[in-house]
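Geometric and topological summary
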Amino acid sequence: MKRRTALTTAAAALAAPALALGTAESAGAQTAFARGADISSLAKSEAKGGVYMWADGWKEDAIWILQKSGVNWIRLKVWVNPADGYNNKTHVVNVAKRARAAGMNVLVDFHYTDTWADPGAQTKPAAWANYSVAQLKTAIYNHTADVLGAMSAAGAAPQMVQVGNELNAGMLWPTGRYDQLDNLAQFLISGAGAVRATVPAAKVMLHLAEGGNNSVFRWFFDAMKARGVTWDAIGASYYPYWHGSLSGLQSNLNDMASRYGKPVYVVETAYPFNPGDRDGFGNIISAATPVSGYPASYTGQSDMLRAIANVVKAVPNGRGAGVFWWEATWTAVTGNGWDPYDPNSKNGWENQALFDFAWKATPALKTLGTL
């Protein structure tokens, strides 16, 4: 099951200490285990009145709560022309500046679409809908360079850049779909070229979902390598209620690190601290025990995170490089829903954030910061 598919299904159902705090690593450095948090929803949450607190109720900027808890990386997605005006160049630059000021590294995640990109949906941006392959390559390069150039000019150059998001089925459908591998490779080469020309110290990451599915990972990376695509890091999404066992994740990460000689990251994961919801909108994961042995509780959330981190750290030769929590700050704030085209949409993920229904940091945030 894909995340965007799950979000859409939820909507339909309702309707019917390695890095010293405050000290950033040098650009491109990968010396510390990445204790990361995707906070792509934060700017919109804050604009709509979202607040963030420590467990004792003390309010503070969410970025500083994350940083003081030990989080050393943030991840931000970029959409081309989103309907709600968020996750665009302006907001990514602004949030990245704040993160860099707090001493955190930045991973930028280019989706190359106006909305969600995942294995179930890789829609071309509306402005690119009728482009040829050559025009799409140019558009990818220019968009990537434009965002990264703005970040650099603002003193917020990223340390790592994802060229595409959850690329199991390709990107820019149908032109770069999984059955158009030559085109897909050219698109990735174009995006990676823009990264290396604009922020040469940054690492290029390629990212797939289904972190426990070794056959998909081998198929994709072998196909891209054969077509001249190069990368510096491999990212995997691993949601334990969707993507197989921890042992399957271990086998896949071990194989990827050995087969391609690159560091591997679980660049998206999450788990619920509560089976309920706060905004009256049914959550994507609502089981009391989504995975056997890990209840939807504060303890279960922390324990699952620790188990996933242990898998990554066990990758041989030090190539298990980090874990990122997906949408750590996506709490149930009115107006900050899942659909950028619908200001009345709600959030089906708030029970998997690292801030609870009272806006307070969950124990798993401390777990993340001390991995």
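Residues numbered from 1 in each chain as written. Predicted model: local features only at pLDDT ≥ 70, side-chain atom pairs only at ≥ 80, totals over all residues. Heavy atoms only, no water.

The chain goes by Arabinogalactan endo-beta-1,4-galactanase in an unreviewed UniProt entry, where it is assigned to Glycomyces tritici.

**Topic: the pattern of salt bridges**
Summed over all chains, the structure comprises 15 salt bridges. In this structure, the salt-bridge partner of aspartate 38 is arginine 75, at a minimum N-O distance of 2.7 Å. A residue pair is termed long-range when its members are at least 10 positions apart, and aspartate 38 in strand S1 (residues 34-38) and arginine 75 in strand S2 (residues 73-78) qualify at 37 residues. Arginine 75 gets classed as buried once you look at its relative accessible area, which sits at 0%. (Salt bridge = Lys/Arg side-chain N within 4 Å of Asp/Glu carboxyl O. Helix = DSSP H or I, 4+ residues; strand = E, 2+ residues; numbered from the N terminus. Buried < 20%, exposed > 50% of the residue type's maximum accessible area, 1.4 Å probe, protein only.)

**Observations concerning helix H9 (residues 298-313)**
Between its first and last C-alpha, H9 extends 23 Å over 16 residues, near the 22 Å set by a 1.5 Å rise per residue. Taken together, the buried positions of H9 are Gly300, Gln301, Ser302, Met304, Leu305, Ala307, Ile308, Ala309, Val311 and Val312. Structurally, H9 contributes buried residues whose contacts are with helix H8 (246-260), strand S9 (264-269), strand S10 (320-325) and helix H10 (363-369). (Expected span 1.5 Å × (residues − 1). Contact = heavy atoms within 4.5 Å.)

**Description of the pairing of strand S3 (residues 105-110)**
For S3, the buried fraction is high: six of the six residues fall into the buried class. Note that S2 and S3 share six bridges and pair parallel. Pairing of leucine 76 across the sheet is with valine 108, part of S3. Note that the unit made of S2, helix H4 (residues 89-101) and S3 has a crossover that is right-handed. Relative to strand S4 (residues 160-163), S3 runs parallel, the two being bridged by four bridges. Looking across to S4, one finds that phenylalanine 110 is bridged to valine 163. With helix H5 (residues 133-153) bridging S3 and its parallel neighbour S4, the resulting β-α-β unit is right-handed. (Pairing = 2+ DSSP bridges. Right-handed = clockwise from strand over helix to strand, strands pointing away.)

**Concerning unusual backbone geometry**
Look at the link from tryptophan 173 to proline 174: it is a cis peptide, with omega at -5 degrees. Within the secondary structure, proline 174 is located in the loop between strand S5 (170-171) and strand S6 (176-177). Of note, the phi angle at glutamate 210 is positive, near 60 degrees, even though the residue is not glycine. Mapped onto the fold, glutamate 210 is located in the loop between strand S7 (203-208) and helix H7 (214-226).

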